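An overview of the molecular structure
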Amino acid sequence: MMTPFKLDLPTFRKMYPGLTEDVISDVELLTLWGVVDALLGDGEGNFPYPESSIQTILYTALCHLATLETNGMNQPGRIASATEGSVSTSFENLKIQSETGEWWNQTKCGALFWVLTKRYRVACRFYGGRKFHPWG
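Here's a quick rundown of the structure.

Cut-offs and rules
Residues numbered from 1 in each chain as written. Predicted model: local features only at pLDDT ≥ 70, side-chain atom pairs only at ≥ 80, totals over all residues. Heavy atoms only, no water. Axes fitted to C-alpha atoms, helices over the stretch in contact; angles between N-to-C directions. Helix = DSSP H or I, 4+ residues; strand = E, 2+ residues; numbered from the N terminus. Parallel < 35°, antiparallel > 145°, perpendicular 65-115°, else oblique. Left-handed = near helix turned anticlockwise from the far one by under 90°. Contact = heavy atoms within 4.5 Å. Nonpolar A, V, L, I, M, F, W, Y, C, P; charged D, E, K, R; others polar. Core = buried A, V, L, I, M, F, W, Y, C linked by side-chain atoms within 4.5 Å. Buried < 20%, exposed > 50% of the residue type's maximum accessible area, 1.4 Å probe, protein only. Disulfide = S-S within 2.5 Å. Salt bridge = Lys/Arg side-chain N within 4 Å of Asp/Glu carboxyl O. Phe/Tyr/Trp six-rings, centres within 6.5 Å; stacked < 30°, edge-to-face > 60°.

**Considering the packing of helix H2 (residues 26-40) against helix H3 (residues 54-70)**
- Taken N-terminus to C-terminus, the directions of H2 and H3 make an angle of 125 degrees; their axes are 9 Å apart at the nearest point. By the criterion of interaxial angle, the relationship of H2 to H3 is oblique. Pair H2 / H3 crosses with right-handed handedness. Residues Leu29, Leu32, Trp33, Val35, Val36 and Leu40 of H2 pack against Leu58, Tyr59, Ala61, Leu62, Leu65, Ala66 and Glu69 of H3.
- Partitioned by chemical class, the residues of the contact of H2 with H3 number 12 nonpolar, no polar and 1 charged.

Given below as structure tokens:
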């Protein structure tokens with residue numbers, strides 16, 4: 001069962017006050033919302049989450065993408081170590097038992113998304129998108 005949902009930018013910005021217009025524009029957020037729809041929905045604004053939790057789930061996903069977009073770093077993962085003399089830095093993802101989980105766990109919002117959507121994943125996989133059925 002799919003639930004329709006539309007992005008409400010003022011509500012999103014109230015939930016995530018650090019993502020102001022100075023940090024990320026409405027146009028960029030709308031572009032990232034298209035990514036959220038492509039990743040988690042059916043491409044027509046419908047998502048596989050119940051109405052009671054859909055806003056929280058989708059806005060954490062959008063926050064994750066916006067944070068990755070605006071953090072000023074072009075590499076995935078967090079800093080694991082840094083050296084000052086001759087400047088050396090290494091990065092790592094938080095350890096999760098799936099590559100997808102590691103990607104989501106790069107930000108606080110993404111980690112919350114991963115926890116909120118645990119019940120919707122089957123065998124550590126999320127089956128979303130257009131009329132996809134895991135058995136063919």
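What follows continues from the structure just given.
**Observations regarding the nonpolar core**
- In terms of nonpolar packing, the biggest core is built from 27 residues, with Phe12, Trp33, Val36, Phe47 and Leu58 touching the most fellow members.
- When residues of this core are traced back to their parent elements, those giving at least two are helix H1 (9-15), H2, H3 and helix H5 (108-116).
- Residues within four places of Phe47 in sequence aside, it is in contact with Met1, Met2, Thr3, Phe5, Trp33, Val36, Asp37, Leu40, Gly41, Ile54 and Leu58.

**Section: the state of the cysteines**
- This model, assessed by the stated rule, comprises 1 disulfide.
- The side chain of Cys63 participates in a disulfide bridge whose partner is Cys109; the two sulfur atoms lie 1.9 Å from each other. Of this pair, Cys63 sits in helix H3 while Cys109 sits in helix H5, placing them 46 residues apart in sequence. Taken as a pair, Cys63 and Cys109 share a single burial class, namely buried.

**Details of the pattern of salt bridges**
- Scanning all chains against the criterion turns up 2 salt bridges.
- A salt bridge links Arg13 to Glu21; the shortest N-O distance between them is 3.4 Å.
- Note that Arg13 and Asp26 form a salt bridge whose closest N and O atoms lie 2.7 Å from each other. You can see Arg13 sitting in helix H1 and its partner Asp26 sitting in helix H2, a full 13 residues away along the chain.
- Residue Asp26 is classed as partly exposed on the basis of its relative accessible area of 30%.

**Focus on the packing of aromatic side chains**
- Across all of its chains, the model carries 9 aromatic pairs by this definition.
- Note on Phe5 and Tyr59: the rings are 5.6 Å apart at their centroids and 70 degrees apart in plane angle, and the pair reads as edge-to-face. With Phe5 in the loop between strand E1 (3-4) and H1 and Tyr59 in helix H3, the pair connects residues that are 54 residues apart, well separated along the chain. Just as Phe5 is buried, Tyr59 falls in that class too.
- Judged by centre distance (6.4 Å) and plane angle (75 degrees), the rings of Trp33 and Tyr59 are edge-to-face. Of the two residues, Trp33 is situated in helix H2 and Tyr59 in helix H3; the sequence distance between them amounts to 26 residues. Tyr59 matches Trp33 in its accessibility class, with the two residues each being buried.
- In this structure an aromatic cluster arises from ring pairing among Phe5, Phe12, Tyr16, Trp33, Phe47 and Tyr59.

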